[in-house]
Amino acid sequence: MRGKLMCLFVVGLVAAVCARGEIAFYVSLGGENANNGTKEAPFKTLDRALTFVREKAASMNEDVVVYVGGGTYRLKTPLRFAKQDSGRNGHSVVWKAVDGEKPVISGGIVVDGWTPDADGRWKARLDVADMRQLYVNGARAQRARGAFPEGGGRYGELQAIDADAGHTAPGEAMAAWRNQGDIEFGYPSSWSHMICKVKSITPDGQGGVKIAMQQPGFFLASRKEGRQAEMPEYIENAFELLDEPGEWYFDKPAKTLYYLPRDGEDMTKTEAVVPVLETLMTLEGVENIRFEGLTFAEATWLTPNRIGHADVQANCTIAPEALFERDGWVVNLQNEYTKSPANVRLIASRNVRFERCSFTRLGGAGLDIEQGSQGNHVIGCVFQDISGSGVQIGDVKKQDHHPDDPGRIVKGNRVENCVFRNIGAEYEDSVGVFGGYTQETVIAHNEFAELPYSAISIGWGWGEQDSGGGSYPAPFMYEAPTPAKDNRIEFNHIHDVMLKRDDGGAVYTLGNQPGTIIRNNHIHDSTNNPGGIYLDEGSGFIEVTGNLVYGVKTAMNYNNRNQDRINTCNEHDNLFDADPNTDAAQSVVKAAGLEEAWRDLPR
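In this report, the structure presented in the accompanying data block is examined.

About the criteria used
- Residues numbered from 1 in each chain as written.
- Predicted model: local features only at pLDDT ≥ 70, side-chain atom pairs only at ≥ 80, totals over all residues.
- Heavy atoms only, no water.
- Helix = DSSP H or I, 4+ residues; strand = E, 2+ residues; numbered from the N terminus.
- Rg over C-alpha atoms; globule rule 2.2 N^0.38 Å.
- Contact = heavy atoms within 4.5 Å.
- Areas by Shrake-Rupley, 256 points an atom, 1.4 Å probe, with all protein chains shown as cover.
- Lys, Arg positive; Asp, Glu negative; His and termini not counted.
- Charge placed at Lys NZ, Arg CZ, Asp CG, Glu CD.
- Pairing = 2+ DSSP bridges.
- Disulfide = S-S within 2.5 Å.
- Phe/Tyr/Trp six-rings, centres within 6.5 Å; stacked < 30°, edge-to-face > 60°.
- Buried < 20%, exposed > 50% of the residue type's maximum accessible area, 1.4 Å probe, protein only.
- Lys NZ or Arg CZ within 6 Å of the ring centre and 35° of its normal.
- Salt bridge = Lys/Arg side-chain N within 4 Å of Asp/Glu carboxyl O.
- Expected span 1.5 Å × (residues − 1).

### Some points on the overall build of the protein chain
Here comes step 1: What the protein chain contains, in helices and strands, is five helices and 56 strands.
Here comes step 2: Relative to the compact-globule value of 25 Å for 603 residues, the protein chain shows a C-alpha radius of gyration of 25 Å, a close match.
Here comes step 3: Counting only C-alpha atoms and orienting by the principal axes, one finds that the protein chain spans roughly 85 × 65 × 50 Å.
Here comes step 4: Across the protein chain, the fraction of contacts at a sequence separation of at least 24, relative to all contacts at a separation of at least 6, is 75%.
Here comes step 5: Here the protein chain displays about 22,900 Å² of accessible surface, and carbon together with sulfur accounts for 47% of that area.
Here comes step 6: In the protein chain, 60 side chains carry a positive charge and 82 a negative one; their mean positions are 6 Å apart.

What follows is the structure in structure tokens.
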């Protein structure tokens, strides 16, 4: 215990029962799993502590607190919390950092045994099946990348899902590139960022090469509704492109990692970490658990390595099943696209709280709150250097837009006083906070900055899943409304977003959302169009009031005029394109963003 609290050590309980009403366990990298979990004899691993917490939680009449010491806990398997790990009888299970210490829960491994290679490269043996991210001294490194050759073009016709189609490129050098099935082409386009896998590169007999693409990924990316893969902007994951400091390449057959150091990096002294776990932690069916002061870091997501990333919007992808054709393009039935997963997931969980935690150096999204999760709270957390979105609340599947049980509605979740920075570091259509068909979601007093696309995106379906359907033809319509309603987006400070992608905003909505309000947000300095508050297709029954928006292409953008939904929305008393120095504007500035108790967070 800390301080001068009086504790009673009871034989057989292996924990300290304290006068303040808690049972405490301790975890330290210097501990041993054979210990009894006291401060003087801590456990070594988190899963060992979880075993003992589970025993105490079954009959708890006080909080059970696990104090986690500083350092990096490198997991071999994900942490999995189930119903039996919940708090009970009005008490909570708390996992928290020891005061003044910074524990990191990592899904990565440290690469060692570096040796010099040719042309300034270094290499190391790496016994993993695959990888997608590398961090050197905590900084994200870039997979070997180059621009697509000038004069490259399209060839073939996409007549079927297994069509042999792709591109041409001048010169025959690419035909000799190694491991061609691991090469990826990137297709950023407006709001979308698609990635397709190469199948093969062969000489075309005319001094160039034919590049066949892996199917069905290329078919989906080239024929999906919205934005399609046309001409690639870049090539990635080819050894032959490893020519810039900070770039790396993993030769899978040879199990060899190559890296070209940045200035000042000594590979005999640096710490290079490869994320290997795709899930750091899941909580399924749990209640009354808190996490305080923990960092979740160094996890990956490898699905794009296998099939590419046929993105539709907001880091959701089209799948090869349940397709139908509309106006010559393919669509997943009822817009039920596949959300890219997070490295920490809450599934059907309630009253879980993350406080002053950090989510960083992650290859998927940061945190999922989904599948009937209700009443969870994310407060005072930092989300930065994440490949995908920061927080994803809800989903876009049938059980989200028309659940068969009210208990499956994602409802009453809150994200408050958090910092979102450098989200979408890899998938440029990712957003700070994404909400699907959610109810009573509160996104308040956060700061969003340095994002490639929208800061907040809430709602889905373009109106098609609303009662009576939307303005697009669909195989069938629903008569019942979706659960999406009563969401609040308020008092956020959003700036320097829309840096790379287009057709998004600081706050972006889709679909009917009765009772939803967007108010008192301070929004400024977005790069691309429209950039401010954006009520897109199907958006209805939303109130927009008290917002200060300036330094953007379009402060208030409507694309919800079909079915006259624009007239269901109530926009009033905003300060659009206003001078931020007036008294009225300054009142919004002072009230928005982090509240005083949280302004010590790194920004």
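### Regarding the sheet that holds strand S13 (residues 139-140)
Here comes step 1: Strands sit in the order S9-S24-S12-S13 across an open sheet of four strands; the sheet is antiparallel. Of all strands in the sheet, those bounded by a partner on one side alone are strand S9 (108-111) and S13.
Here comes step 2: Where S9 meets strand S24 (residues 272-275), four bridges bridge the pair, whose relative direction is antiparallel. By the bridge assignment, Val-111 is partnered in S24 with Ala-272.

### Thoughts on unusual backbone geometry
Here comes step 1: With an omega of 10°, the peptide bond between Gln-215 and Pro-216 qualifies as cis.
Here comes step 2: Mapping Pro-216 onto the fold places it in the loop between strand S20 (208-213) and helix H2 (217-223).
Here comes step 3: A cis amide bond links Asn-529 to the next residue, Pro-530, at an omega of -10°.
Here comes step 4: On the secondary structure map, Pro-530 appears in strand S51 (residues 530-535).
Here comes step 5: Although it is not a glycine, Asn-417 sits at a positive phi angle of roughly 55°.
Here comes step 6: By the secondary structure assignment, Asn-417 is in the loop between strand S40 (414-416) and strand S41 (419-423).

### Concerning the sheet that holds strand S56 (residues 575-576)
Here comes step 1: Pairing in this open sheet of 11 strands is parallel, and the strands run S5-S8-S27-S35-S38-S41-S44-S47-S50-S53-S56 from one edge to the other. Looking at which strands have only one partner, the edges of the open sheet turn out to be strand S5 (71-74) and S56.
Here comes step 2: Pairing geometry for strand S8 (residues 103-106) and strand S27 (residues 295-299), over three bridges, is parallel. Across the sheet, the residue bridging to Val-104 is Thr-295, located in S27.

### Considering the state of the cysteines
Here comes step 1: Throughout the structure, instances matching the rule amount to zero disulfides.
Here comes step 2: With no disulfide of its own, Cys-196 lies 17 Å from the sulfur of Cys-316, the closest cysteine sulfur.

### As for the packing of aromatic side chains
Here comes step 1: Evaluated as defined, the whole model comprises 24 aromatic pairs.
Here comes step 2: Each ring, one from Tyr-26 and one from Tyr-67, has its centre 5.1 Å from the other, and the planes form 20°; the classification is stacked. Highlighted residues: Tyr-26 in strand S3 (residues 22-27) and Tyr-67 in strand S4 (residues 63-68), separated in sequence by 41 residues. Summarising the burial analysis for this pair, Tyr-26 and Tyr-67 share the class buried.
Here comes step 3: When the ring of Phe-81 is compared with that of Phe-291, the centres are 5.6 Å apart and the planes differ by 90°; the resulting orientation is edge-to-face. A residue pair is termed long-range when its members are at least 10 positions apart, and Phe-81 in strand S6 (residues 79-81) and Phe-291 in strand S26 (residues 287-292) qualify at 210 residues.
Here comes step 4: Every member of this aromatic cluster is reached through a ring pair, and the members are Phe-81, Trp-95, Phe-291, Phe-296, Phe-354, Phe-359, Phe-383, Phe-420 and Phe-448.
Here comes step 5: In this structure, Arg-145 packs its charged tip against the face of Tyr-234, placed 3.6 Å from the ring centre.

### Comments concerning the pairing of S27
Here comes step 1: Burial analysis of S27 places five of its five residues in the buried class, the great majority of the element.
Here comes step 2: Pairing of S27 with strand S35 (residues 358-362) involves four bridges; the strand directions are parallel. When the bridges of S35 are listed, Ala-297 appears paired with Thr-360.

### Points about the pattern of salt bridges
Here comes step 1: Summed over all chains, the structure comprises 40 salt bridges.
Here comes step 2: We note a salt bridge from Arg-74 to Glu-298, for which the minimum N-O separation is 3.2 Å. Placement of Arg-74 in strand S5 and of Glu-298 in strand S27 is noted, with a sequence separation of 224 residues between them.
Here comes step 3: The exposure class of Glu-298 is buried, given its relative accessible area of 5%.

### Quick notes on helix H1 (residues 46-57)
Residues that lie three or four places apart on an α-helix share one face, since the helix turns once every 3.6 residues.
Here comes step 1: Along its 12 residues, H1 runs 16 Å from first to last C-alpha, staying within 8% of the 16 Å computed at 1.5 Å per residue.
Here comes step 2: Regarding H1, the residues found buried are Leu-46, Ala-49, Leu-50, Phe-52, Val-53, Lys-56 and Ala-57.
Here comes step 3: Tucked inside the fold, the buried residues of H1 contact S3, S4, S5, S6, strand S7 (93-97) and S8.

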